[in-house]
Amino acid sequence: MSNIEVVGGERLKGELKIQGSKNASLPLLAATILNKGTTVLKNCPKILDVFHMIKILEELGCTCEWEENTLYVDSSYIDTTTVSWDFVSKMRSSILFMGALLGRSHEVTIAYPGGCLIGERKIDFHLDAMKKMNVNVVLNDNEIKCQTCCIIGTDIILPKSSVGATQNIILAAVLSKGTTRIFNAAKEPEVIELCNFLMKAGARIHGMDTPMIEVEGVSRLHDVEYTLSPDRIVAGTYMTAVAAAYGNVILLDTPYRQLKSLIDVLRKTGCNIEAADDYLKISNDQRPRPIEQIRTQPYPDFPTDMQSQMMSVLSLAHGDSTIIEEIFESRFQNATELNKMGARIDINEMEKKAVIHGVEKLNGAEVKALDLRSGAALVVAGLAAEGKTVIRSAEVIRRGYENIGRDLSTLGAKIKNF
Ligand code: EPU
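What you are looking at is a predicted structure, and each value in this text was computed from that prediction instead of being measured. (Residues numbered from 1 in each chain as written. Predicted model: local features only at pLDDT ≥ 70, side-chain atom pairs only at ≥ 80, totals over all residues. Heavy atoms only, no water.)

J.: Even after reading the chapter, I still don't get the overall build of the protein chain, so can you show me in this structure?
T.: The helix and strand tally for the protein chain stands at 13 helices and 24 strands. Rg of the C-alpha trace for the protein chain: 21 Å, near the compact-globule value of 22 Å for 418 residues, within the 12% margin. In terms of its C-alpha atoms, the protein chain occupies a principal-axis envelope of roughly 65 × 45 × 40 Å. A sequence separation of at least 24 residues applies to 72% of the contacts in the protein chain between residues at least 6 apart. A total accessible area of about 16,600 Å² is found for the protein chain, and carbon and sulfur atoms account for 47% of it. Measuring between centres, the 47 positive side-chain charges of the protein chain sit 2 Å from its 52 negative side-chain charges. (Helix = DSSP H or I, 4+ residues; strand = E, 2+ residues; numbered from the N terminus. Rg over C-alpha atoms; globule rule 2.2 N^0.38 Å. Contact = heavy atoms within 4.5 Å. Areas by Shrake-Rupley, 256 points an atom, 1.4 Å probe, with all protein chains shown as cover. Lys, Arg positive; Asp, Glu negative; His and termini not counted. Charge placed at Lys NZ, Arg CZ, Asp CG, Glu CD.)

J.: Please explain the nonpolar core as it appears in this structure.
T.: Generally speaking, nonpolar side chains in soluble globular proteins are found buried as a group. Core analysis: the biggest nonpolar cluster contains 76 residues, and Val83, Phe97, Met98, Ile170, Leu198 and Ile213 have the highest contact counts within it. In terms of nonpolar packing, the next biggest core, distinct from the first, is built from 67 residues, Tyr238, Val242, Ile356 and Ala369 among them. (Core = buried A, V, L, I, M, F, W, Y, C linked by side-chain atoms within 4.5 Å. Buried < 20%, exposed > 50% of the residue type's maximum accessible area, 1.4 Å probe, protein only.)

J.: Before we go on, may I ask you to explain the packing of aromatic side chains in this structure?
T.: Any two aromatic rings considered together are summarised by their centre-to-centre distance and by the angle between their planes. Evaluated as defined, the whole model comprises two aromatic pairs. Both rings, one in Phe51 and one in Trp66, keep their centres 6.2 Å apart while their planes meet at 85°; by these two values the pair is edge-to-face. Here the residue Phe51 occupies a position in helix α2 (residues 48–60), and Trp66 occupies one in strand β4 (residues 63–67), the gap between them amounting to 15 residues. The partly exposed category is assigned to Trp66, whose relative accessible area is 29%. Residues Phe197 and Tyr226 carry aromatic rings whose centres are separated by 5.6 Å and whose planes lie at 90° to one another, so their mutual orientation is edge-to-face. With Phe197 in helix α7 (residues 189–200) and Tyr226 in strand β14 (residues 224–227), this residue pair connects regions lying 29 residues apart in the sequence. Looking at Tyr226, the relative accessible area reads 10%, which means it is buried. Over the ring of Trp66 we find Lys46, and its NZ or CZ is 5.0 Å from the ring centre. (Phe/Tyr/Trp six-rings, centres within 6.5 Å; stacked < 30°, edge-to-face > 60°. Lys NZ or Arg CZ within 6 Å of the ring centre and 35° of its normal.)

J.: Sorry if this is basic, but what is going on with the site of the ligand here?
T.: Neighbouring the ligand are 23 residues, the closest being Asp124, Ser162, Val163, Asp305 and Ile327. One of the side-chain N or O atoms of Lys22 is found 2.9 Å from an oxygen atom in the ligand. Val163 places a polar main-chain atom, nitrogen or oxygen, 2.7 Å from an oxygen atom of the ligand. Contact with the protein chains hides 87% of the accessible area of the ligand, taken as 840 Å² for the molecule alone. Secondary structure elements with two or more residues in the shell around the ligand: α1 (22–31), α5 (124–132), α6 (163–173) and α12 (372–384). (Near = heavy atom within 4 Å. Polar contact = N/O pair within 3.5 Å; in protein donor to acceptor, adjacent residues only side chain to side chain.)

J.: Can you help me understand a negative patch on the surface in this one?
T.: Side chains of Glu120, Asp124, Asp128 and Glu329 sit close together on the surface and give a patch of like negative charge. Turning to its location among the elements, Glu329 is positioned in the loop between β19 (320–324) and α11 (334–340). (Patch = residues over 30% accessible without salt bridge, like charges linked within 9 Å, V, L, I, M, F, W, Y side chains within 5 Å. Salt bridge = Lys/Arg side-chain N within 4 Å of Asp/Glu carboxyl O.)

J.: Quick question: what am I supposed to make of the environment of Glu386 here?
T.: By the element assignment, Glu386 lies in the loop between α12 and β23 (388–392). Judged by its relative accessible area of 51%, Glu386 falls in the exposed class. Between the alpha carbons of Glu386 and Leu362 there is a distance of 6.2 Å; along the sequence they are 24 residues apart. Once you skip the residues sitting within four places of it in the chain, Glu386 turns out to touch Lys361, Leu362, Asn363 and Gly364.

J.: How should the domain arrangement of the protein chain be read in this particular structure?
T.: Quoted interface sizes are often the accessible area lost when the parts come together. What the domain assignment lists for the protein chain is domain 1 (4–19 + 231–417) and domain 2 (22–227). Put simply, the middle of domain 1 and the middle of domain 2, counted by C-alpha atoms, are 30 Å apart. Of the residues lining the interface, 23 residues belong to domain 1; the matching set on domain 2 comes to 23 residues. Approximately 1,900 Å² of surface area, both sides summed, lies buried where domain 1 meets domain 2, with 50% of it carried by carbon and sulfur atoms. The largest contributions to the domain 1 side of the interface with domain 2 come from Tyr299, Arg399 and Glu402, which together make up 30% of the buried area. (Domains from an automatic or database assignment. Buried area = accessible area lost by both parts, 1.4 Å probe.)

J.: Just to check I follow, could you spell out unusual backbone geometry for this structure?
T.: Trans is the prevailing form of peptide bonds, just as negative phi is the prevailing case for residues other than glycine. The linkage connecting Tyr299 with the following residue, Pro300, adopts the cis geometry, with an omega of 10°. Positive phi, normally seen in glycine, also occurs at Tyr246, with a value near 75°. For Tyr246, the position within the fold is in the loop between α8 (232–245) and β15 (247–252).

J.: Could you clarify how one ought to interpret the sheet that holds strand β5 (residues 70–74) in this entry?
T.: Two pairing modes exist for strands in a sheet, parallel and antiparallel, and in both the strands are linked by backbone hydrogen bonds. Reading across from one edge, β4-β5-β3-β14 is the order of the four strands in this open sheet, with mixed pairing throughout. What marks the edges here is a single partner per strand, and that holds for β4 and β14. Across this sheet, the average inter-strand angle for adjacent strands is 15°, counted without regard to direction. Bridge analysis of β4 against β5 gives five bridges, and the strand direction is antiparallel. Directly across from Glu67, in β5, lies its bridge partner Thr70. (Pairing = 2+ DSSP bridges. Axes fitted to C-alpha atoms, helices over the stretch in contact; angles between N-to-C directions.)

J.: Explain the side chain of Ser94 to me, please; I cannot follow it from the model alone.
T.: The residue Ser94 is located in the loop between α3 (85–88) and α4 (96–105) in this model. Those residues within four positions of Ser94 in sequence are excluded, and the remaining contacts are Met53, Ile56, Phe87, Val88 and Ile110.

J.: It is not clear to me how α5 should be interpreted in this structure. Could you clarify?
T.: Within an α-helix, residues lying three or four positions from one another point in the same direction, as the helix has 3.6 residues per turn. Taken together, the buried positions of α5 are Phe125, His126, Leu127, Ala129 and Met130. Where α5 is buried, its residues meet α4, β8 (136–139), β9 (143–147), β10 (155–157) and α6. The positive-phi residue at the C-terminal boundary of α5 is Asn134, with phi of around 75°.

J.: Looking at this model, I keep getting lost on the pairing of strand β16 (residues 272–275). Mind explaining?
T.: Walk down a regular strand and you will see the side chains alternate between the two sheet faces. Note: β16 against strand β17 (residues 279–284), four bridges, orientation antiparallel. Pairing of Ala275 across the sheet is with Leu280, part of β17. Between β16 and β17, which pair antiparallel one after the other, the connecting turn spans three residues.

J.: For this particular structure, what's the right way to read the pattern of salt bridges?
T.: Considering all chains together, one arrives at 23 salt bridges under this definition. Linked through salt bridges whose partners overlap, the residues forming this network are Lys22, Asp49 and Arg399.

Below you can see the structure in the form of structure tokens.
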């Protein structure tokens, strides 16, 4: 079990390059098996979730090799269409192998994704969509068995915008017979990135970044080399670090167009932000102003993945702020940890609401990283707190951040892993 120690109070300064995107890389890794050949992914982040997807690819029979941040995946041959519990239990994104294996081999056996700390995270939209696409889905006690003679394109209306379900349907549809239209499709940048990647490999997809994505089935994909975008949530996390701990930082390779809702909120708290194509400059030297209400919603509205980090910032505001969490029902658990540091946050679960009564200072404390983003949020709080914060179970942060300690040390923070 790894821990992080942060000694707060250092102003952040300097320049940092943002790593490749976690949530863009995971669906692309599943998508590699749609090509019976070699895929090259550049700017692939070296994070636990990517290592985990690689393990699944290897279990299926693919070979994967790193050269710095470039990953070569050879999926010419696969030996099995079973994704075992060992893998699915560790990472929910492994469910994307359902669409990809159905597309490639017309069958898949996959364990149920386990429970998740941030919420129930059902997969009913995924399963209903596969059934509509001519897939026979059998739910056994421990696993889901899917099989089809051929995937047939159809119209699918998602009951609510879902990133994973949209991606899984696209993965299943790319090599199908006919055309699939996804209504109420997710518009997150990571859905667009999957479409761009697949199109570069020969897929026919229209309307991505609109609520109706159309996938015309093709008979095969071909080898492709693709450069992954920088991670908008990692960039956003370091922006909140400046908002909470003060400083003057340049983030290189920041996808600022994808961060508009966060930039708007951080400007309202008092941060100065200047964004251009290849960098984003952020500075702050004052206690944050409170925000009347932030409501997490699908893209382009405020992302749920930035909610915990923003809560850390607002816990230091001079006044009360409110956050409404609309995406994942259990994503306020971090409030208990922040309150150990002297924050004053009240949660009303029925109303999906957190009321954050800003305090003048946070104090270093021993806290626990409950999930990836709340762990990162505790780092942000620790940077601003007086004294030493120890974050236990910090390994979970490595699921999405290559090395949060290294990055923040580059900006002058006193932070170490132990
Ligand atoms: N939902 C259902 N049934 C389904 C699928 C989704 O009810 O079959 C519900 C979910 O419970 C949730 C909502 O629909 O309330 C949206 O969930 P979505 O499917 O969009 O989430 P996801 O695909 O499981 C991805 C990201 C999450 C991010 C969400 C929302 C990846 C690997 N994960 O999850 O990222 O929070 O979209 O933007 O892309 C993270 O990086 O920390 C993270 C959790």
